[in-house]
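The chain contents come next:
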Amino acid sequence: MSQDKVELVEILRQMILIREFDVLAVELRTAKRIYGALHPYVGEEAVAVGVCAALRPTDRITSTHRGHGHCIAKGADINRMMAELFGRADGYCKGKGGSMHIADFAIGMLGANGIVAGGMPIACGAALAAQLEDQGAVAACFFGDGATGEGEFHETLNIASLWKLPLLFVCENNRYGAGNAVESVRSEADISLHAPAYGMPGVSVDGNDVLAVREAARQAVERARRGGGPTLLHCKTFRWLFHAMRDAPQPDLRSADLLAQWRARDRDPIARFEAVLIARGLVTAADVQAIRDRVKRDLAAAVEFAEKSPYPDPNDLLVDMFAE
Amino acid sequence: MREITVTQALEEAMIEEMERDERVITFATGRAPALENKFGDRRVRFTPISEAAFTGIGLGAAGSGFRPVVNWGMVTFSFVAMDQIVNQASKIRYMFGGQADFPVTFRCTTGGGIQLAAQHSQSPYSMFMHLAGLKIILPSTPADAKGLLKSAIRDNNPVVFFECSRLAGVTGPVPDGDHTVPIGVADVKRAGRDVTVVGLAYYVREALAVADSLAKDGISIEVLDPRTLVPMDAAAIRASVRRTGRLVVVDEAPATCSAASEIIALVTEDPQTFGALKAPVQRVCAAPVPVPYSPTLEQAALPDRGRIEAAIRRVL
Ligand SMILES: Cc1ncc(C[n+]2csc(CCOP(=O)(O)OP(=O)(O)O)c2C)c(N)n1
Ligand SMILES: [Mg+2]
């Protein structure tokens, strides 16, 4: 198999894994087998996978409240992710974090974040570290359209550009921040227009076209590695499911028409990419089915791993507070 | 021993730690020419006036292998960075299960008494103490300032380092060489028998002055400086109170939910220390008002020697 084909098939597998992971997470939460808040990434898979396909393991990212996709795309272990959702000792954060705080520092995943825009300065710090280390590493921060209303967004765009930090600002514009449409909360709907104001390139891309995202990210990464500074990557996508759920999903007030448009096969990032790979003769429908089956088996194994893992010992409550 | 000011002591600490470890970097909204000339503008950065961003940048760089010293200027300005302090820095290690260390030091000036009025005269360290996950330092002498800043920079946790404005120009002896002071260890600044006075920052000096004058009346005051507010050296404070049986706590923050309240709780909830108390404990704190500008009002708002002495006489 050519390297290119290996990479493309892996991109497909990751997107399917992210989707199935979150569909399963919703089932598990509905059945109350996991706890707390859940923000499914279904429909936006191409953004995380396209961007992370342009990154190396030594590059660092920060994520959002909707972070499972970023974890998987950066290479996180779904067993430990699932154990974290189950609140178990073998979870990434030993059960202390849950869905909104999964992190894996070993692979450069510096954390999901329950605070809108909260990860942006932290990614900026990781980019500063990369610049000082001078080994060609970069950082990327994922954030939603809603984050553009926060001061932290504007402050970090300015500083990153001023200091020419090797940083990708990846805006996942899924057109809504919780229940609010972008047009209802922004004075200017086009998010890429912030880029020229801060002296950096702003690139709008079809966020449901994984290869387009990867290509845009590659260019931004290459520029960052050369010392050319940050890029604002504006990825236009759509959230298929509700904004968030606890015991039940929050009501979704978006029109059925709109949902149907975005869920159509010609817009679904996975169906589209499958069609591309089949048309190029790189996979068959049977291959895709085999990938899906394997993903389902892997996820079943992850649930088993999580359920076998013990709950954290209450005696360990104070462990991890302070470093030695 | 040579005598230098708190400000000089802090600058020495910065220079020595930056020489010792090239992963120590620093940023502030103002330039630091002495440091910049020595270490260059890669390691000594001045930033836009974007406290939220550069607080988080410090945290992110700390999680990526550096040892940033982030200077907020006044603690006043940290309030626009509260997300990064409260939601991120104080929680990041624990909520991620101890995967990484975050050796970042946040420096800031604090306190009133110099007519800077409400917004620039704040002493909000108890707000930060309340957040589990930050170490909090508040020194009162040049030697402690230097030794504790060096320890803070070497510590692998987020540390908030408060620098009392009224002490900046105060001189005192500072040992030569690599002088460090351990975090979490209180210091008896004056030994005494009759009353324990726990003072914070500027009020350590004021308590010492009161102790001097009361000594003439045969009253023996022990003055104890916690130096670190998190972790608080409860054992040292309790031991002192068990010896004297009396406690007065002096600080320029208002009393409500203050460091003074915390110190008193640590003393009174310990059965042995509680049993040794001979009088109700006393707080000498600021009035519950934003610190006013006019000297007559400001003096009325903040503790002074008269009020410290009156509190001591109440417990005797
Ligand atoms: C500072 C802050 N304010 C409010 C919230 C509550 N909140 C959580 S997610 C969300 C919407 C975020 O929208 P967006 O950034 O577009 O991300 P999306 O959910 O669409 O992925 C809000 C308001 C929060 N977590 N943090
Ligand atoms: Mg959104």
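Worth saying up front: this structure is predicted, and the values here are computed from it rather than measured.

A.B. asks: How would you sum up the overall build of chain A? Please name residues and give values.
C.D. replies: Helix and strand counts for chain A come out as twelve helices and seven strands. Relative to the compact-globule value of 20 Å for 324 residues, chain A shows a C-alpha radius of gyration of 19 Å, a close match. For chain A, the C-alpha atoms occupy an extent of roughly 55 × 50 × 45 Å along the three principal directions. Looking at chain A residue by residue over its 324 residues, the buried ones come to 58%. Across chain A, every contact between residues at least 6 apart in sequence was considered, and the portion connecting residues at least 24 apart equals 74%.

A.B. asks: Quick rundown of the sheet that holds strand β1 (residues 60–62) of chain A? Include the residues and the values.
C.D. replies: Residues and elements named next belong to chain A. Taken in spatial order, the five strands line up as β1-β2-β3-β7-β6 in an open sheet, and their pairing is parallel. Two strands bound the open sheet, and with one partner strand each, they are β1 and β6 (202–206). Across the sheet, the mean angle from the axis of one strand to that of its neighbour is 20°, orientation sign disregarded. Two strands pair when backbone bridges link them, and strand β2 (residues 139–144) and strand β3 (residues 167–173) are joined in this way by six bridges, in the parallel orientation. Bridging across to β3, Cys141 finds its partner in Phe169. With respect to the sheet, helix α2 (residues 45–52) is in contact with β2, β3 and β7 (231–236), its orientation differing from that of β3 by roughly 165°. Its contacts with the sheet put helix α9 (residues 210–225) on β3, β6 and β7, and the angle it makes with β6 is roughly 160°.

A.B. asks: Describe the packing of aromatic side chains, with residues and values.
C.D. replies: Any aromatic ring pair is given by two values, namely how distant the centres are and how the planes are angled relative to each other. Residue and element names in this part refer to chain B. Going through the model one piece at a time under the given rule, you end up with ten aromatic pairs over all chains. Centroid distance Tyr125 to Phe162: 5.4 Å. Interplanar angle 80°. Geometry classified as edge-to-face. Here the residue Tyr125 occupies a position in helix α7 (residues 125–129), and Phe162 occupies one in strand β7 (residues 159–164), the gap between them amounting to 37 residues. Overall, the relative accessible area of 1% leaves Tyr125 in the buried class.

A.B. asks: Tell me what's going on with the interface of chain B and chain A, and back it up with residues and numbers.
C.D. replies: For an interface, size is often stated in terms of accessible area lost upon the parts coming together. Of the residues lining the interface, 41 residues belong to chain B; the matching set on chain A comes to 41 residues. Taken over both partners, the interface formed by chain B and chain A buries close to 3400 Å², and the fraction arising from carbon and sulfur atoms is 64%. Across the chain B-chain A interface, the total number found is one salt bridge. We note a salt bridge from Glu133(A) to Arg23(B), for which the minimum N-O separation is 3.6 Å. The interface formed by chain B and chain A includes 17 residue pairs in polar contact (both at pLDDT 80 or more).

A.B. asks: Tell me about the sheet that holds β7(B), and name the residues and values.
C.D. replies: In a beta sheet, neighbouring strands are held together by backbone hydrogen bonds and run either parallel or antiparallel to one another. Residues and elements named next belong to chain B. Spatially, seven strands are ordered β3-β2-β4-β5-β7-β6-β12 in an open sheet, and the strand pairing comes out mixed. Only two strands of the sheet have a single partner each, and these edge strands are β3 (44–46) and β12 (228–230). Between one strand axis and the next, the sheet turns through 20° on average, direction left out of account. Relative to β7, strand β5 (residues 105–110) runs parallel, the two being bridged by six bridges. For Arg107, the partnering residue across the bridge sits in β7 and is Phe161. Here helix α3 (residues 51–62) sits on the sheet in contact with β2 (24–28), β4 (67–74) and β5, set at roughly 165° to β4.

A.B. asks: Now, about the nonpolar core: what can you tell me, with residues and values included?
C.D. replies: With 210 residues, the main nonpolar core has Met82(A), Phe169(A) and Ile136(B) as its most contacted residues. Tallying contributions element by element places helix α1 (residues 3–30) of chain A first for this core, with 13 residues. No fewer than three residues from each of domain 1 (2–174) and domain 2 (187–315) of chain B sit in this core. With residues up to four places along the chain from it excluded, the contact list for Phe169(A) reads Met120(A), Cys141(A), Phe143(A), Thr156(A), Leu157(A), Ala160(A), Met200(A), Pro230(A), Thr231(A), Leu232(A) and Leu233(A).

A.B. asks: Explain the layout of surface pockets to me, and be specific about the residues and the numbers.
C.D. replies: All names here are of chain B. When its volume is computed, the largest pocket comes out at roughly 560 Å³. Surrounding the largest pocket, 31 residues form its lining, Glu11, Ala32, Asn71, Arg107 and Glu163 being those nearest its centre. Of all the secondary-structure elements, those providing two or more residues to the lining of the largest pocket are α1 (6–20), β2, α2 (33–43), β3, β4, β5 and β7. Of all the elements, α1 adds the most residues to the lining of the largest pocket, at five residues.

A.B. asks: Break down the packing of helix α10 (residues 234–244) of chain B against helix α11 (residues 259–268) of chain B for me, with residues and values.
C.D. replies: Residue and element names in this part refer to chain B. With their axes 9 Å apart at the nearest point, α10 and α11 run at an angle of 65° to one another. In terms of their interaxial angle, α10 and α11 are classed as roughly perpendicular. In this structure, α10 crosses over α11, and the sense of that crossing is right-handed. In this structure, α10 contributes Ala234, Ile237, Arg238 and Val241 to the contact, and α11 contributes Ile263, Leu266 and Val267.

A.B. asks: Please give an account of the side chain of Gln14(A) that cites residues and values.
C.D. replies: Take Gln14(A): it is sitting in helix α1. Here Gln14(A) falls in the buried class, since its relative accessible area comes to 14%.

A.B. asks: Can you tell me about the environment of Glu172(A), naming the residues and giving the values?
C.D. replies: Residue and element names in this part refer to chain A. Mapped onto the elements, Glu172 comes out in strand β3. According to the relative accessible area criterion, Glu172 is buried, its value standing at 4%. Between the C-alpha atoms of Glu172 and Gly207, which are 35 residues apart in sequence, the distance is 7.7 Å. Contact partners of Glu172, with chain neighbours within four places excluded, come to Tyr41, Glu44, Val47, Ala48, His70, Phe142, Phe143, Gly144, Asp145, Cys235 and Thr237. Of note is the side chain of Glu172, whose polar atom sits 2.8 Å from the side chain of His70.

A.B. asks: How would you summarise the domain arrangement of chain B if you had to cite specific residues and measurements?
C.D. replies: All names here are of chain B. Taken as a whole, chain B is organised into domain 1 (2–174) and domain 2 (187–315). On a C-alpha basis, the centroid separation for the pair domain 1 and domain 2 is 26 Å. Across the boundary between the two partners, domain 1 contributes 26 residues, which contact 28 residues of domain 2. Both sides together, the interface formed by domain 1 and domain 2 hides about 2100 Å², and carbon and sulfur atoms give 59% of it. Contact with domain 2 buries surface across domain 1, with Gln115, Met129 and Arg166 losing the most and accounting together for 26% of the total. Counting across the interface, domain 1 meets domain 2 through three salt bridges. One salt bridge connects Glu252 with Arg166, and the closest N-O pair in it is separated by 3.3 Å. At the boundary of domain 1 and domain 2, one finds 14 residue pairs in polar contact (both at pLDDT 80 or more).

Calculation rules
- Residues numbered from 1 in each chain as written.
- Chains lettered and ligands numbered in written order.
- Predicted model: local features only at pLDDT ≥ 70, side-chain atom pairs only at ≥ 80, totals over all residues.
- Heavy atoms only, no water.
- Helix = DSSP H or I, 4+ residues; strand = E, 2+ residues; numbered from the N terminus.
- Rg over C-alpha atoms; globule rule 2.2 N^0.38 Å.
- Buried < 20%, exposed > 50% of the residue type's maximum accessible area, 1.4 Å probe, protein only.
- Contact = heavy atoms within 4.5 Å.
- Pairing = 2+ DSSP bridges.
- Axes fitted to C-alpha atoms, helices over the stretch in contact; angles between N-to-C directions.
- Phe/Tyr/Trp six-rings, centres within 6.5 Å; stacked < 30°, edge-to-face > 60°.
- Buried area = accessible area lost by both parts, 1.4 Å probe.
- Salt bridge = Lys/Arg side-chain N within 4 Å of Asp/Glu carboxyl O.
- Polar contact = N/O pair within 3.5 Å; in protein donor to acceptor, adjacent residues only side chain to side chain.
- Core = buried A, V, L, I, M, F, W, Y, C linked by side-chain atoms within 4.5 Å.
- Domains from an automatic or database assignment.
- 1 Å grid on protein atoms, 1.4 Å probe; cavity = no way out; pocket = protein on both sides within 12 Å on 5 of 7 lines; lining within 4 Å.
- Points joined across faces, edges and corners; volume = space filled by probe spheres on them.
- Parallel < 35°, antiparallel > 145°, perpendicular 65-115°, else oblique.
- Left-handed = near helix turned anticlockwise from the far one by under 90°.

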